[in-house]
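Survey of secondary and tertiary structure
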Amino acid sequence: MRLLTLRTTEGTTAVRQDGNTLTEIDGFSDVGALLQDPAWASIARAANGATHAYDGADLAAVVPAPGKIICVGHNYRNHIKEMGREIPEYPTLFAKYQESLIGPNDDLALPQESDAVDWEAELAVVIGKKGRRISEADAKDYIAGYSVLNDVSMRDYQFRTIQWLQGKTWEKSTPFGPALVTTDEFTAGPLMTSAVDGEVQQSTPTGDLVFTPEFLVSYISTIITLNPGDVIATGTPGGVGHAQDPKRYLQEGQLLVTTIEGLGQLNNRVVKEA
């Protein structure tokens, strides 16, 4: 099942996608709100609200306002190597905030203050039910589904200190969507790519993670309770602009396309912030 958040003239609404048809899930303003109901999956399957065409739909970030966005650094071996690091014993964790999120086709804000804006294609895990100290064996039961995210990073700010937060959560910098695809229809493994103006920069199977989604759910839930709608961004593979020689960064007017087979595609035009 594919769940999306659609913008309408009256606000936003959660919808189910069936081919080119989006069906409103009445009573839920977005996918995050839907996930708060323990019966979210059966409610979504039974939905028969107003319909819209997927083609040309104005989509918001699939979960527009997560309670937590927890990101994982250094989780693909080829990216760890290109950044000159060692394979980590434990996950490297940092946070984003909801103000950083944009929809799958929204403009990506290029800030006035940074000239080192880099791409990072990522598989996103969306939590479906509340849990603390979840075992790795049980973790799949707590995952609602998966989505596509690009952890666009302001490298000059990121490396000002040994803490990365200031380079990772700029407003309107993180495309997320287009859909939440439930676990019965997707398992980590298919190819993930990012391309800038049609030139592929990253291309790695999502199954090449050092720490799997299930391990991450277990590990993070040991530290803090995970709630429905929380997001875990599982890390990026090799091919980032910062590791290239010479370094390459996003420029005004470029199109950043992020794709995961079976999940969908983000298409974000880079626009200079006023």
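Quick notes on the rules
Residues numbered from 1 in each chain as written. Predicted model: local features only at pLDDT ≥ 70, side-chain atom pairs only at ≥ 80, totals over all residues. Heavy atoms only, no water. Helix = DSSP H or I, 4+ residues; strand = E, 2+ residues; numbered from the N terminus. Rg over C-alpha atoms; globule rule 2.2 N^0.38 Å. Buried < 20%, exposed > 50% of the residue type's maximum accessible area, 1.4 Å probe, protein only. Areas by Shrake-Rupley, 256 points an atom, 1.4 Å probe, with all protein chains shown as cover. Contact = heavy atoms within 4.5 Å. 1 Å grid on protein atoms, 1.4 Å probe; cavity = no way out; pocket = protein on both sides within 12 Å on 5 of 7 lines; lining within 4 Å. Points joined across faces, edges and corners; volume = space filled by probe spheres on them. Nonpolar A, V, L, I, M, F, W, Y, C, P; charged D, E, K, R; others polar. Patch = residues over 30% accessible without salt bridge, like charges linked within 9 Å, V, L, I, M, F, W, Y side chains within 5 Å. Salt bridge = Lys/Arg side-chain N within 4 Å of Asp/Glu carboxyl O. Pairing = 2+ DSSP bridges. Axes fitted to C-alpha atoms, helices over the stretch in contact; angles between N-to-C directions. Core = buried A, V, L, I, M, F, W, Y, C linked by side-chain atoms within 4.5 Å. Lys, Arg positive; Asp, Glu negative; His and termini not counted. Charge placed at Lys NZ, Arg CZ, Asp CG, Glu CD. Polar contact = N/O pair within 3.5 Å; in protein donor to acceptor, adjacent residues only side chain to side chain.

**A few points about the overall build of the protein chain**
Each helix and strand counted, the protein chain has five helices and 18 strands in total. Taking 19 Å as the expected radius of gyration for a compact globule of 274 residues, we find that the protein chain reaches 18 Å, a close match to that expectation. C-alpha extents for the protein chain along the principal axes are approximately 55 × 45 × 30 Å. The buried share among the 274 residues of the protein chain stands at 56%. By element, 48% of the accessible surface of the protein chain is carried by carbon and sulfur atoms, the whole surface being about 11500 Å².

**Some words on the environment of L226**
Structurally, the position occupied by L226 is in the loop between α5 (213-223) and β16 (231-233). Spatially, the C-alpha atom of L226 lies 9.1 Å from that of G128, the residues being 98 residues apart in sequence. Dropping the residues within four chain positions of it, L226 is found in contact with K68, I70, I127, K129, K130, G131, V217, I220, S221 and I232.

**Observations concerning empty space enclosed by the protein**
Counted under the stated rule, the structure contains one cavity of 30 Å³ or more. A volume near 110 Å³ is recorded for the largest cavity. Around the largest cavity, the lining is made up of 16 residues, and of these G73, H79, E120, W164 and K168 lie nearest the centre. Those elements that provide at least two residues to the lining of the largest cavity are β5 (69-73) and α4 (155-158). For the lining of the largest cavity, a count of residues per class yields five nonpolar, six polar and five charged.

**Focus on a nonpolar patch on the surface**
Taken together, L93, I223 and I224 make up a surface patch of nonpolar side chains, about 240 Å² in accessible area. Residue placement: I223 occurs in helix α5. Under the relative-accessibility criterion, I223 is labelled exposed at 54%.

**Overview of the sheet that holds strand β14 (residues 191-196)**
Whether parallel or antiparallel, the strands of a sheet pair through hydrogen bonds between backbone atoms. The mixed open sheet is built from five strands, whose spatial order is β8-β18-β17-β14-β15. Lying at the two open borders of the sheet, with one neighbouring strand each, are β8 (108-110) and β15 (199-205). For this sheet, the mean angle separating the axes of adjacent strands, direction not counted, is 15°. Bridging between β14 and β15 involves six bridges; their strand directions are antiparallel. For S194, the partnering residue across the bridge sits in β15 and is Q202.

**Thoughts on the nonpolar core**
Among the nonpolar cores identified, the biggest contains 35 residues, and V217, I232 and L263 are the most heavily contacted of them. Ranked by residues supplied to this core, first place goes to strand β10 (residues 121-127) with four residues. Excluding residues that lie within four positions of it along the chain, I232 makes contacts with I70, V72, L123, A124, V125, I127, L216, V217, I220 and L226. Of all hydrophobic cores here, the second largest spans 28 residues; its members include A47, V63, V126 and V231.

**Some thoughts on the pattern of salt bridges**
Summed over the entire model, instances satisfying the criterion amount to 10 salt bridges. For K96, the salt bridge identified is with D151, shortest N-O distance 2.9 Å. Of this pair, K96 sits in strand β6 (residues 92-96) while D151 sits in the loop between β11 (143-150) and β12 (153-154); the two residues are 55 residues apart in sequence, bridging distant segments of the chain. The shortest N-O distance in the salt bridge between R155 and E120 comes to 2.7 Å. Residue R155 is located in helix α4, and its partner E120 is located in the loop between β9 (117-118) and β10; the two are separated by 35 residues in the primary sequence. Across this residue pair, the class does not change: R155 and E120 are buried.

**Comments concerning a negative patch on the surface**
A cluster of acidic residues, E99, E113, E171 and E273, forms a negative patch on the protein surface. Its place among the elements puts E113 in the loop between β8 and β9. You can call E113 partly exposed: its relative accessible area is 44%.

**Concerning the environment of Q202**
Tracing the backbone shows Q202 in strand β15. Put simply, Q202 and W119 are 83 residues apart on the chain and 9.1 Å apart in space, counted from C-alpha to C-alpha. In this structure the side chain of Q202 is engaged in a polar contact, spanning 2.7 Å, whose partner is the side chain of S194.

**Side note on the side chain of S147**
Counting through the fold element by element, S147 comes out in strand β11. A relative accessible area of 0% places S147 in the buried class. At 3.2 Å, the side chain of S147 and the backbone oxygen of G177 are in polar contact. Residues contacting S147, with those up to four places away along its chain left out, are V62, E122, L123, A124, F176, G177, P178, A179, I260 and L263.

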